[in-house]
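# Chain and residue survey
For reference, the chains in residue letters:
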Amino acid sequence: MKIRIGVGNVPERGTPPGDPDLARLVTELETHGVDSVWLSDLVSAPGVVDPLVGVGYAAGLTQRLKLGMSVVVLPGRNPAVLAAQLASLAALAPRRVLPVFGVRPARRADRTVFPVPDGRRAEVFEEALGVVRALLTEPFVTHHGRYFHLDGASVAPLPARPLDLWLSGRVPAALDRVGRLGDGWLGSNITPAEAEGCRARIVSAADRAARTIEEDHYGTYLTIVQDDADEHAVDDLLARLHQDRPDVADPRTLLCWGWADAREHLRRLTDAGLSKFVVRPAGPVTSRRAFVEAFTTELMPLENR
């Protein structure tokens, strides 16, 4: 399996509030030969740009860096417009655009931004995903579903190579959905032991649907707490993890406590069958350059070529 490790948003202390400083981040990553950068769909978070806008901006600043979006909230967006945006990005940055879709926003404050009928979010997601895939692979699409209607719709230019559409999620229904409909899975806030079970469930769902997901299309986020991490930021993160994962006795087990622990997590996750990873700090870092340099020294050697 091709082990690849990308980097998520790396906010730096002292950066003016609301300034994403994306140009410096992607330039640093490109210079150091990092595989990919990943932008999240966090509408109300200060200093976080929209992932579709950010990927377009980063594409113009780089030549090699892959451009990930995780996760893009799909229900509440127009899937035809989203497909057109992805087709344009794929034309501007061929073979570098990596979309990952999710059912609901990570932040509760953002949930009203993506309105769907009550109790229908998963159903809207699945129909929207089908519309996106059809528009990215077929010259003309006619679709009359419960939520979306298209007559001879098209987007241009069609990607020369179909985009892989990865999905997120951790609960059983979400994992089954990956097996039925997705081309890959990117998890978050999971332990290595849980990762093996998640992958097995996806494979089982894919088998039942007579589908195959490539062996190296399974991954997760790794969140690193460095020695100089801001204590308040870490405490806030642990509180959010406790709320998100009330089934985990100690949310500290969901984090990597330093680079050595990150290497151990990555090895255990690889043994569990995962091969794609996105590394992010637990909060704003003292120096983005130092973080990226430590990443290239500590984790990049674990990639295989």
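Notes on the structure in this doc start here. (Residues numbered from 1 in each chain as written. Predicted model: local features only at pLDDT ≥ 70, side-chain atom pairs only at ≥ 80, totals over all residues. Heavy atoms only, no water.)

### Considering the layout of surface pockets
To keep things clear, this is the line we draw: Site definitions follow a grid-based scheme: protein atoms alone, a 1 Å grid, a 1.4 Å probe that fits but cannot get out for cavities, and for pockets an open set with protein on both sides within 12 Å along at least five of seven lines, plus lining residues having an atom within 4 Å of a point. Grid points are joined across faces, edges and corners, and a volume is the space filled by probe spheres set on the points. To qualify as a helix, a DSSP run of H or I must reach at least 4 residues; to qualify as a strand, a run of E must reach at least 2; elements of each kind are numbered from the N terminus. Three classes are used, and their members are as follows: Ala, Val, Leu, Ile, Met, Phe, Trp, Tyr, Cys and Pro are nonpolar, Asp, Glu, Lys and Arg are charged, and the others, Gly among them, are polar.
Estimated volume of the second largest pocket: approximately 860 Å³. If you trace the second largest pocket, you find 31 residues lining it, with Lys66, Arg95, Leu98, Arg161 and Asp164 closest to the centre. Elements with a minimum of two residues in the lining of the second largest pocket: β1 (4-7), β2 (36-39), α3 (79-92), β4 (97-102) and β10 (276-281). When residues of the lining of the second largest pocket are assigned to their parent elements, the largest contribution, 4 residues, is made by β4. Its residues assigned to classes, the lining of the second largest pocket shows 18 nonpolar, 3 polar and 10 charged.

### A closer look at the pattern of salt bridges
Counted only if it meets this: What makes a salt bridge here is a side-chain nitrogen of Lys or Arg within 4 Å of a carboxyl oxygen of Asp or Glu, nothing more.
A complete count under the given rule lists 21 salt bridges for this structure. Taking the shortest distance from any N to any O, the salt bridge between Arg199 and Glu215 comes out at 3.0 Å. Placement of Arg199 in helix α6 (residues 192-208) and of Glu215 in the loop between α6 and β9 (218-224) is noted, with a sequence separation of 16 residues between them. Beyond isolated ion pairs, a larger network of salt bridges with shared partners links Glu12, Asp21, Arg24 and Arg288.

### With respect to the packing of α3 against helix α4 (residues 121-137)
Put simply, the rule is: Axes here mean lines fitted to C-alpha atoms, for a helix over just the part in contact, with angles spanning 0 to 180 degrees between N-to-C directions. Note that the term roughly parallel is reserved for angles under 35 degrees, roughly antiparallel for angles over 145, roughly perpendicular for angles of 65 to 115, and oblique for everything else. Should the near helix be turned anticlockwise from the far one by less than a right angle, the crossing is termed left-handed; should it be turned clockwise, right-handed. A contact between two residues is defined here by any heavy atoms of the two lying within 4.5 Å.
The N-to-C vectors of α3 and α4 enclose an angle of 40 degrees; their axes lie 9 Å apart at closest approach. As judged from the angle between their axes, α3 and α4 are oblique. Crossing handedness for the pair α3 and α4: right-handed. Contacts from Pro79, Ala80, Leu82, Ala83, Leu86 and Ala87 of α3 reach α4 at Ala128, Val131, Val132, Leu135 and Leu136.

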